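Chain residues, written in single-letter form:
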Amino acid sequence: MTTIYQVAEKAGVSLSTVSRVLNGKGTVNAKMTEKVKAAAEALAYKPNQNARSLAAKHANTVGIVLPNQHMQFYAHLLFSIEQLFRKHQKRCLIAFSSDSNKSEEDTINYLHLQGCDGIIVFSMQQTTLDKAPYKTRNSLIFNMAAEENNPLAIKANAEAVVLSAYDYLKQHNHSDIALITHRLLNIDKLQATTFSSDYTFASQAPCANDAVLELVSSEKPFSALICTSQALAISAHALLEELGFRVPQDVSVVAACLPGEVENKVNNQKPINVTTLEFSTYDIANHLVKNALQNFYDIENKDAGPLSPVVHDYGTVSTY
């Protein structure tokens, strides 16, 4: 294995000059830099990562725990995370849990034993509060469970996107807003802050027809409708128009989706685009990487703030 001493000897420069050139630190003139790089290339020199880690007190490796579910979504997310870390000369070490609490915790401990500087955990647990592996500064939790009440976790759950959709409609002057959901949301919490029980309807995905008929037959005034999936929103949109409602002139329709759930069509039907709020895959990756760099490496996160859904406006919301 070629050493830094051999590179210095071939280039005819000091060890400190080789170190500055290869680490990109300090000022070395262009001619000297070219000599060092040419010598390193000729000798096929590869830096000793273990030695670098000992010197820097960092392995420059971030562990990532992934579940064995929603693989397409996590594949896209992982690609963005890896690309963002690479810009900071950090590597990713990937391990899969078996979607059980014990397996997830064992995987976290395993990655710490491998010398990772920190772990990003895409948790499948209902909540990570008061569980030792998740309480260290070097564990960053991402959770989509509505029950997650760990204040240190980064959350992108159904309640958060529904509340964002509600705020979005309020900004368009809507006040009589109905909710059709197929999820086990914390309805009491939502009704305490936003929706009354008269405007909350349960449905079985992918069809919102029964819930829409119940809403319309109640004769309660409503100017906007939030559905907790794109499939529900599309079926609600279609039925409302069949019943004589104009979307969005009479009723605005919004889909509030979890990450990775947005689809272009439902049941091979002709696509109907509805205004959709979702957590962007890239935004999730960017948010996680910036928080990880701050937590694990003390690199300041100048964009600190909560993770928020983005709006895809397809014209099914109008100002009331």
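Anything mentioned here points back to the structure above.
Residues numbered from 1 in each chain as written. Predicted model: local features only at pLDDT ≥ 70, side-chain atom pairs only at ≥ 80, totals over all residues. Heavy atoms only, no water.

(A) Highlighting the packing of aromatic side chains. Considering all chains together, one arrives at five aromatic pairs under this definition. Aromatic side chains Phe222 and Phe245 sit 5.9 Å apart centroid to centroid with 40° between the ring planes, which places their arrangement in the tilted category. You can see Phe222 sitting in the loop between helix H9 (209–217) and strand E8 (224–227) and its partner Phe245 sitting in the loop between helix H10 (230–242) and strand E9 (252–256), a full 23 residues away along the chain. Here the aromatic residues Phe73, Tyr74, Phe122 and Phe142 are joined through ring pairs into a cluster of three or more. (Phe/Tyr/Trp six-rings, centres within 6.5 Å; stacked < 30°, edge-to-face > 60°. Helix = DSSP H or I, 4+ residues; strand = E, 2+ residues; numbered from the N terminus.)

(B) The packing of helix H1 (residues 4–11) against helix H3 (residues 30–42), seen in detail. Between H1 and H3, the shortest axis-to-axis distance is 9 Å and the interhelical angle comes to 125°. Classified by the angle their axes make, H1 and H3 are oblique. The two elements H1 and H3 meet at a crossing, and its hand is right-handed. Taking contact as the criterion, the partners of Val7, Lys10 and Ala11 in H1 are, on H3, Lys35, Val36, Ala39, Ala40 and Ala42. Residues belonging to the contact of H1 with H3 are distributed by class as follows: six nonpolar, no polar and two charged. (Axes fitted to C-alpha atoms, helices over the stretch in contact; angles between N-to-C directions. Parallel < 35°, antiparallel > 145°, perpendicular 65-115°, else oblique. Left-handed = near helix turned anticlockwise from the far one by under 90°. Contact = heavy atoms within 4.5 Å. Nonpolar A, V, L, I, M, F, W, Y, C, P; charged D, E, K, R; others polar.)

(C) Spotlight on the side chain of Lys90. Tracing the chain through its elements places Lys90 in the loop between helix H5 (71–86) and strand E2 (91–96). Despite being buried, Lys90 has no salt bridge partner; Asp117 is the closest side chain of opposite charge, sitting 6.0 Å away. Engagement of the side chain of Lys90 in a polar contact is seen with the side chain of Asn60, the distance being 2.7 Å. Setting aside residues up to four positions removed in sequence, Lys90 forms contacts with Asn60, Phe85, Leu293 and Tyr297. (Buried < 20%, exposed > 50% of the residue type's maximum accessible area, 1.4 Å probe, protein only. Lys, Arg positive; Asp, Glu negative; His and termini not counted. Salt bridge = Lys/Arg side-chain N within 4 Å of Asp/Glu carboxyl O. Polar contact = N/O pair within 3.5 Å; in protein donor to acceptor, adjacent residues only side chain to side chain.)

(D) Layout of the layout of surface pockets. Estimated volume of the second largest pocket: approximately 550 Å³. What lines the second largest pocket is a set of 24 residues, among which His70, Met144, Arg183, Leu258 and Glu261 lie closest to the centre. The set of elements that each furnish at least two residues to the lining of the second largest pocket consists of H5 and strand E4 (139–143). A total of four residues in the lining of the second largest pocket trace back to one element, the largest contributor, which is H5. Of the residues in the lining of the second largest pocket, the class split is twelve nonpolar, nine polar and three charged. (1 Å grid on protein atoms, 1.4 Å probe; cavity = no way out; pocket = protein on both sides within 12 Å on 5 of 7 lines; lining within 4 Å. Points joined across faces, edges and corners; volume = space filled by probe spheres on them.)

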